[in-house]
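Single-letter residue listing:
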Amino acid sequence: MIQLEHIAFAYPGRGLVLADVSLEVPAGGMVCLCGPSGCGKSTTLDVAAGLRQPRSGRRHVGSRRIGYAFQEPRLLPWRSVRENLLIGLSGWLHGAAARHAADLWLERLGLGEASGKLPAELSGGMRRRVNLARALAVTPEVLLLDEPFAFLDAASCRQVADGIREFQAAGAAVLMVSHQRDWADDLGSRIIELSGAPLRVG
Amino acid sequence: MKRICGRLAPWLLLFLVWAVASLSFGSDLVPGPWRTGRVLAGLLVRADTWEHIVLTLFRGTAGMALGAALGYILGIPCGLSPTAMRLVSPLVTALQSCPPIVWISLLLVWAGIGATVPVLVVAAATFPMLFINIAHGTADLDRGLLEMARMYRLPLRRVLWDIVLPGISRYALAAFSFALGITWKVTATAEFFGSGNGIGARIYWASRQLDMPLLLSWTVIIVAIGLVLEMGLIHPLRQDRRAEGPAAGAAP
């Protein structure tokens, strides 16, 4: 479960990005934020993730087991794709269980061949898939996705959507930001249309 | 052939200047390359010469290792926390402007003659530049990666080993090559004043005896050590970095 109540947020020395944001994603629920670039969607995800401290308001997230697929992939450039996943898992899983989860999600997102390569050797779309695989591999109870379908071909979108659906069915709360409304609809997500900064929701 | 000539040219020039100086000031004051070479050859076949060389190498390495350990232990937290940086940074700058001779004098009183002085003096001399580079490298780390680490609750060991150390390796390498350059000079200076053995102590001995060929021979030895380490260790490492640099360093 993700609960944001009257969140206000500003980056130091700048104006408000979020003026008053309230939203709730129940366990097994899915919310998709749609809206123009720069309106505060990614900031809302960062606040939900606990990476940004809101100026006021209350954040409650039901689990610490969070998978966050960032807007930019944030992979370690000096480690292979597989090692990147294993490192992402290292807070939760170890040894054979970690290797199994990493290989499973690399395979499912069509990255099996790329597992030994460095991020710089991959295409932009593949790096985005590694970022998604890392988020899904931790068996998240809270899933935060920043543009999960951007720059992916139709087949990859379907693999990603299948993964998201699986965790949602298992009771994960999913909060995502996407321009691809057709995929959000397809997943049966509640869509919140956003407009104008600073952001007011709820 | 042309490349070999090009590489040899500076050394031939050096020998030429040396020989001319020897001829103009006299062989007693400036022994020529030939005479020095003979003394040097005599030195190199003696076992105790190598003992002194190994001692100096060991002290320099131990001192730099100590300086580097302190540089990492203090530099990484200071790079991560601006508050810690503001607290520690002026002290390091003060340390950096302190000439090695001050450390030698103080440590001679505190620790007496022996291996302690050169090791600690080298640590004090190399620590500031290692600290500053490591702290800056850490401060320049990709924040996105550190946030990723926080998000996925990576153990501290992982954060250090997989994110911080590879992320700052470029800065650390620059600092190490600089530190290595001054290590032998400082080790020899410390031994000159505060030790009965090691290359510096032999230089002291030769100068007290006004034995110029011996003095120059030891000079050749310590310069050769610096050159070999720079060419054999730092140079290949830097080439290696450059080869993999742009690809590995590129933002994904």
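These lines cover the structure that appears in this document, whether it is placed above or below. (Residues numbered from 1 in each chain as written. Chains lettered and ligands numbered in written order. Predicted model: local features only at pLDDT ≥ 70, side-chain atom pairs only at ≥ 80, totals over all residues.)

## Re the overall build of chain B
Part 1 of the argument: Scanning chain B from terminus to terminus reveals ten helices and zero strands.
Part 2 of the argument: Overall, chain B shows an N-to-C arrangement of helices and strands of α-α-α-α-α-α-α-α-α-α.
Part 3 of the argument: Considered along the principal axes of its C-alpha atoms, chain B spans approximately 70 × 55 × 30 Å.
Part 4 of the argument: Taking the intrachain contacts of chain B between residues at least 6 apart in sequence as the baseline, contacts between residues at least 24 apart amount to 74%. (Helix = DSSP H or I, 4+ residues; strand = E, 2+ residues; numbered from the N terminus. Contact = placed C-beta atoms within 7 Å.)

## A short note on the sheet that holds strand β9 (residues 199-201) of chain A
All names here are of chain A.
Part 1 of the argument: Reading across from one edge, β4-β1-β2-β9 is the order of the four strands in this open sheet, with mixed pairing throughout. For this open sheet the edge positions go to β4 (56-61) and β9, each flanked by a neighbour on one side alone. Each adjacent strand pair in this sheet contributes to an overall mean axis angle of 20°, direction not counted.
Part 2 of the argument: One ladder, built from five bridges, connects strand β1 (residues 2-10) with β4; its direction is antiparallel. Bridge pairing links glutamate 5 to arginine 58 in β4.
Part 3 of the argument: Against the sheet, helix α1 (residues 41-49) contacts β1, β2 (16-25) and β4, and its axis sits at roughly 120° relative to β1. (Pairing = 2+ DSSP bridges. Axes fitted to C-alpha atoms, helices over the stretch in contact; angles between N-to-C directions.)

## Section: helix α1 (residues 2-25) of chain B
Residues and elements named next belong to chain B.
Part 1 of the argument: Taking 1.5 Å of rise per residue, the 24 residues of α1 would be expected to cover 34 Å, and the 34 Å separating its terminal C-alpha atoms lies within 8% of that figure.
Part 2 of the argument: Maximal helix bending in α1 amounts to about 35°, located at alanine 9; proline proline 10 follows within four positions.
Part 3 of the argument: Little of α1 sits out of view: just one of its 24 residues are buried.
Part 4 of the argument: Among the residues trailing α1, glycine 26 stands out with phi positive, at a value near 95°. (Expected span 1.5 Å × (residues − 1). Bend = angle between axes of the 7 residues up to and from the residue. Buried ≥ 20, exposed ≤ 12 C-beta atoms within 10 Å, placed from the backbone.)

## Quick notes on the pairing of β2(A)
All names here are of chain A.
Part 1 of the argument: Here β1 runs beside β2; their pairing, made up of six bridges, is antiparallel. What sits directly across from leucine 4, in β2, is leucine 23.
Part 2 of the argument: The turn joining β1 and β2, which pair antiparallel and follow one another in sequence, is formed by five residues; a positive phi near 75° is taken by glycine 13.
Part 3 of the argument: Direction of pairing for β2 relative to β9: parallel, over a ladder of three bridges. The residue bridging valine 21 from the neighbouring strand is valine 201, located in β9.

## With respect to the interface of chain A and chain B
Part 1 of the argument: Taken together, the contact pairs 22 residues of chain A with 19 residues of chain B.
Part 2 of the argument: Going through the elements one at a time, β5 (66-69) and α2 (81-89) of chain A are the ones with two or more residues in the side of chain A that touches chain B.
Part 3 of the argument: Looking at the side of chain A that touches chain B, its residues break down into 15 nonpolar, three polar and four charged. (Nonpolar A, V, L, I, M, F, W, Y, C, P; charged D, E, K, R; others polar.)

Remember that the coordinates give geometry; whether it matters functionally is a separate question.
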